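Summary of the model geometry
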Amino acid sequence: MKFLKNHPFAVSAFFESSVVLTFAVPKAELQPLIPKALQLDTFQDTWGFIAIALVRTKGLRPKGTPHFLGNDFVLCGYRIFVRYTNQEGRRLRGLYIIKSETNKRKMEFFGNIFTHYNYTTTDIRFSEKEGMREIYSKQSDFNFQLVDSETPVELPADSPFADWKEARRFAGPLPFTFTVDEKEGTILIIEGVRQQWIPKPLKVQSYHFKFLQELNLRGIVLANAFEIKNIPYYWKKGKMESWK
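Note that the structure is predicted; figures quoted are calculated from it, not measured.

What counts and how
Residues numbered from 1 in each chain as written. Predicted model: local features only at pLDDT ≥ 70, side-chain atom pairs only at ≥ 80, totals over all residues. Heavy atoms only, no water. Helix = DSSP H or I, 4+ residues; strand = E, 2+ residues; numbered from the N terminus. Rg over C-alpha atoms; globule rule 2.2 N^0.38 Å. Buried < 20%, exposed > 50% of the residue type's maximum accessible area, 1.4 Å probe, protein only. Contact = heavy atoms within 4.5 Å. Pairing = 2+ DSSP bridges. Axes fitted to C-alpha atoms, helices over the stretch in contact; angles between N-to-C directions. Phe/Tyr/Trp six-rings, centres within 6.5 Å; stacked < 30°, edge-to-face > 60°. Lys NZ or Arg CZ within 6 Å of the ring centre and 35° of its normal. Salt bridge = Lys/Arg side-chain N within 4 Å of Asp/Glu carboxyl O.

Secondary structure assignment for the chain yields four helices and 15 strands. What you see for the chain is a C-alpha radius of gyration of 18 Å, in line with the 18 Å of a compact globule of 244 residues. With the principal axes as the frame, the chain shows a C-alpha extent of 50 × 45 × 35 Å. Residues counted as buried form 50% of the 244 residues belonging to the chain.

Structure (structure tokens):
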């Protein structure tokens, strides 16, 4: 039943909110974390990027099925920005997933049947108070605080980007997600389709991610933070090809 994990059907969802924090890392630090079939998607040939996305989904279900069959989940993914040149010679920008979490065991169960993302269930909580939002997990040991502001938001102090226009190129999620089987020499390509994608810059007051610390990445800095809201989204059926 291995084929079931290859995203055998399209999946649709409504993104109520997607908050993405993107960290710039010297490319030599990230290179060992991706398969040989992929290349890092870099900025100025110096920085690679790892993004943490916290997505509140509604009505996640096989595309084309009735809405009442859908479920609401919170998804947390740690992804590296990569590129892949497919068999047609097209260079694709996308993501390589290194960790996936969710707030419900149902998503862990079915997610691990139909994807290679290795979901685990954790507690994910949200709180709001006096213009400040916090998203946190005690079990996974992460938390970050966002300042809700109507005034223009500045880039993080250590960001390698000169402005938000540059930063938006690495806002995520990117159109494609890749899963590589190095033993078989194959790559699974999943394309995401979206509409009305207008990321809003966020001000991050503070952050802590135990998983990032465990990667021991030297020189890591917060590069940008964005949020999108109320977006219909779907993932196409997975496409498999050989990369060797």
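Structurally, valine 82 is set in strand E4 (residues 71–85). Aside from chain neighbours lying at most four places away, what touches valine 82 is Ile34, Leu38, Gln39, Leu40, Asp41, Leu92, Arg93, Gly94, Leu95, Tyr96 and Phe178.

So, about the sheet that holds strand E8 (residues 132–137). One open sheet accounts for four strands, arranged E7-E8-E9-E13; its pairing is antiparallel. This sheet does not close on itself; its edge strands, each paired only once, are strand E7 (125–129) and strand E13 (203–209). Strand after strand, the sheet turns through a mean of 10 degrees between neighbouring axes, direction not considered. Pairing geometry for E7 and E8, over five bridges, is antiparallel. Bridge pairing in E8 places arginine 125 opposite tyrosine 136.

This paragraph deals with the packing of aromatic side chains. Counted by the stated rule, this structure contains 23 aromatic pairs. Judged by centre distance (5.9 Å) and plane angle (50 degrees), the rings of phenylalanine 81 and phenylalanine 170 are tilted. Of this pair, phenylalanine 81 sits in strand E4 while phenylalanine 170 sits in the loop between helix H3 (164–168) and strand E10 (176–181), and the two are 89 residues apart along the sequence. Of the two residues, phenylalanine 81 and phenylalanine 170, both sit in the buried class. Grouped by ring-pair contacts, the aromatic residues Phe23, Tyr78, Phe142, Phe144, Tyr207, Phe209 and Phe211 constitute a single cluster. Lying over the aromatic face of phenylalanine 126, arginine 56 brings its terminal NZ or CZ to 3.9 Å of the ring centre. Taking the ring centre of phenylalanine 170 as reference, the NZ or CZ of arginine 93 above it sits at 5.1 Å.

Relative to the elements of secondary structure, leucine 4 occurs in the segment before strand E1 (11–26). Once the C-alpha coordinates of leucine 4 and phenylalanine 114 are considered, the two residues, 110 residues apart in sequence, prove to be 5.2 Å apart.

It is worth spelling out the pattern of salt bridges at this point. A full pass over the atoms with the stated rule returns 11 salt bridges. Of the charged contacts, one joins arginine 56 and glutamate 16 as a salt bridge, the two residues approaching to 3.9 Å between their closest N and O atoms. Placement of arginine 56 in strand E3 (residues 47–62) and of glutamate 16 in strand E1 is noted, with a sequence separation of 40 residues between them. Put simply, aspartate 72 and lysine 58 hold a salt bridge, and the shortest N to O gap is 3.3 Å. Note that aspartate 72 is positioned in strand E4 and lysine 58 in strand E3, a separation of 14 residues in sequence.

Time to look at the side chain of threonine 102. Turning to its location among the elements, threonine 102 is positioned in strand E5 (residues 91–102). Overall, the relative accessible area of 0% leaves threonine 102 in the buried class.

In this model, glutamine 44 sits at a positive phi of 55 degrees, which is unusual for a non-glycine residue. Its identity is not glycine, yet asparagine 216 carries a phi of approximately 55 degrees, on the positive side.

To continue, consider the side chain of threonine 57. Mapped onto the fold, threonine 57 is located in strand E3. Residues contacting threonine 57, with those up to four places away along its chain left out, are Ala13, Phe14, Phe15, Asn71, Asp72, Phe73 and Leu75.

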